[in-house]
Amino acid sequence: MKLFQLTAFSLLLLGTTIFSSCEKDDDASDKPKEHVKGDIALTGAQSVPATTSPATGTLWVSYSEKTHMLDYEFNWAGLRDTIVGISIHGPAPMSFASATVKQLLPGFTNSAANLKPNQAAYPYLGGSYKGSVLIDGANLKQEELLNMLYYISIRTKAFPTTGEIRAQIRFR
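Residues numbered from 1 in each chain as written. Predicted model: local features only at pLDDT ≥ 70, side-chain atom pairs only at ≥ 80, totals over all residues. Heavy atoms only, no water.

## Examining the overall build of the protein
Counted only if it meets this: In this text, helices come from DSSP runs of H or I with a minimum length of four residues, and strands from runs of E with a minimum of two, each type numbered from the N-terminal end. Contact criterion: two residues are considered in contact whenever any of their non-hydrogen atoms come within 4.5 Å of each other. Here, Shrake-Rupley sampling with a 1.4 Å probe gives the accessible areas, and only protein chains in the shown set may cover a residue.
A count of helical and extended segments in the protein gives two helices and eight strands. Reading the protein from its N end, one meets helices and strands in the order α-β-β-β-β-β-β-α-β-β. When contacts within the protein are restricted to residue pairs at least 6 apart in sequence, those whose partners lie at least 24 apart make up 63%. Accessible area for the protein stands at about 10000 Å²; split by element, carbon and sulfur atoms hold 58% of it.

## Some points on the confidence of the model for the protein
Reading fine detail from the predicted coordinates is not recommended where pLDDT is low. Keep this limit in mind: Every residue is assigned a pLDDT by the predictor, reflecting its confidence on a scale from 0 to 100.
Per-residue confidence for the protein averages 82 on the pLDDT scale, and 72% of its residues sit at or above 70. Here residues 109–115 is modelled with pLDDT under 50, and outside its nearest four sequence neighbours on either side it reaches nine contacts, counting other chains as well.

## Regarding the side chain of Thr156
The test is simple: Distance and chemistry together define a polar contact, namely a pair of N or O atoms within 3.5 Å, with one atom able to donate a hydrogen and the other to accept it when in protein, and with adjacent residues in sequence counting only for side-chain atoms on both sides.
You can see Thr156 is positioned in strand β7 (residues 151–156). Side-chain polar atoms of Thr156 contact the side chain of Glu164, separated by 2.7 Å.

## Observations concerning unusual backbone geometry
Of note, the amide linkage connecting Val48 to Pro49 takes the cis form, showing an omega dihedral of -5°. With an omega dihedral of -10°, the bond running from Gly90 to Pro91 counts as a cis peptide bond. A positive phi angle, close to 75°, is found at Ser95, a residue other than glycine. Its location among the elements puts Ser95 in the loop between β4 (83–89) and β5 (100–103). Within the chain, Met148 stands out as a residue other than glycine whose phi angle is a positive 60°.

## Let's talk about the pairing of β7
Just so we agree on the cut-off: Buried means the residue's accessible area, taken with a 1.4 Å probe over protein chains only, is under 20% of the maximum for its type, while exposed means over 50%, and partly exposed covers the values in between. By this definition, two strands are paired if DSSP reports at least two bridges between them.
For β7, the tally of buried residues reaches six of six residues, placing the bulk of the element in the interior. With burial as the criterion, each face of β7 is covered, one bearing Tyr151, Ser153 and Arg155 and the other bearing Ile152, Ile154 and Thr156. Note: β7 against strand β8 (residues 165–168), four bridges, orientation antiparallel. Pairing of Ile152 across the sheet is with Ala167, part of β8.

## Concerning the packing of aromatic side chains
Under the convention used in this document: Two rings belonging to Phe, Tyr or Trp (six-membered ring only in the last case) form a pair when the distance between their centres is within 6.5 Å. Interplanar angles under 30 degrees mark stacking, angles over 60 mark edge-to-face geometry, and anything in between is tilted.
Applying the stated criterion to the full structure yields four aromatic pairs. With 5.9 Å between their ring centres and 40° between their planes, Phe74 and Trp76 make a pair best called tilted. A relative accessible area of 0% means that Phe74 is categorised as buried. Judged by relative accessible area, Trp76 falls into the buried class, the value being 4%. Residues Phe74 and Tyr129 carry aromatic rings whose centres are separated by 6.1 Å and whose planes lie at 45° to one another, so their mutual orientation is tilted. Of the two residues, Phe74 sits in strand β3 (residues 69–77) while Tyr129 sits in strand β6 (residues 126–134), which places them 55 residues apart along the sequence.

## Regarding the nonpolar core
Put simply, the test is: Buried residues of nine kinds, namely Ala, Val, Leu, Ile, Met, Phe, Trp, Tyr and Cys, make up a nonpolar core once their side-chain atoms join them within 4.5 Å.
Among the nonpolar cores identified, the biggest contains 28 residues, and Leu59, Leu70, Phe74, Trp76, Ile86, Ile88 and Ile169 are the most heavily contacted of them. The element best represented in this core is β3, accounting for four residues.

## Considering the side chain of Thr82
Considering the arrangement of structural elements, one finds Thr82 in the loop between β3 and β4. A polar contact of 3.5 Å, which involves the side chain of Thr82, links it to the side chain of Asp81.

So this is what it looks like as structure tokens:
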């Protein structure tokens, strides 16, 4: 009889363990993710068509799926002329051009009196800029952002439409 009770108890314990381990765990994929990438090169070779500009720059980006905020910071040096605009374009993969979806520096001028916070006083010689933009699902979409379909372009008087240097926003 004791053998029967011990066997029944063991089977009950084993069954409880098996069924309790089958419960759904908190799936990590259900939690909002943070995406971060640094050292993304801004170059003329990425512009479409490519430019022969000697200018270079570096882009750092982070995106929170919880807040839907894209934070960016970039610097540049060696542009051929004065900056006339900096914007996010898309959707477009690398090697393709697209329309502007967000002006980062609308009405940018090279006059120190007209500078907004974070703007460099002599931008084409070298400078930096940082800010944030809401990925609202209308103009800027999370799926397109995470699939590397947006890019930042710095347009100058020498390259007013295609941009002098460009960097694809990516997190890989």
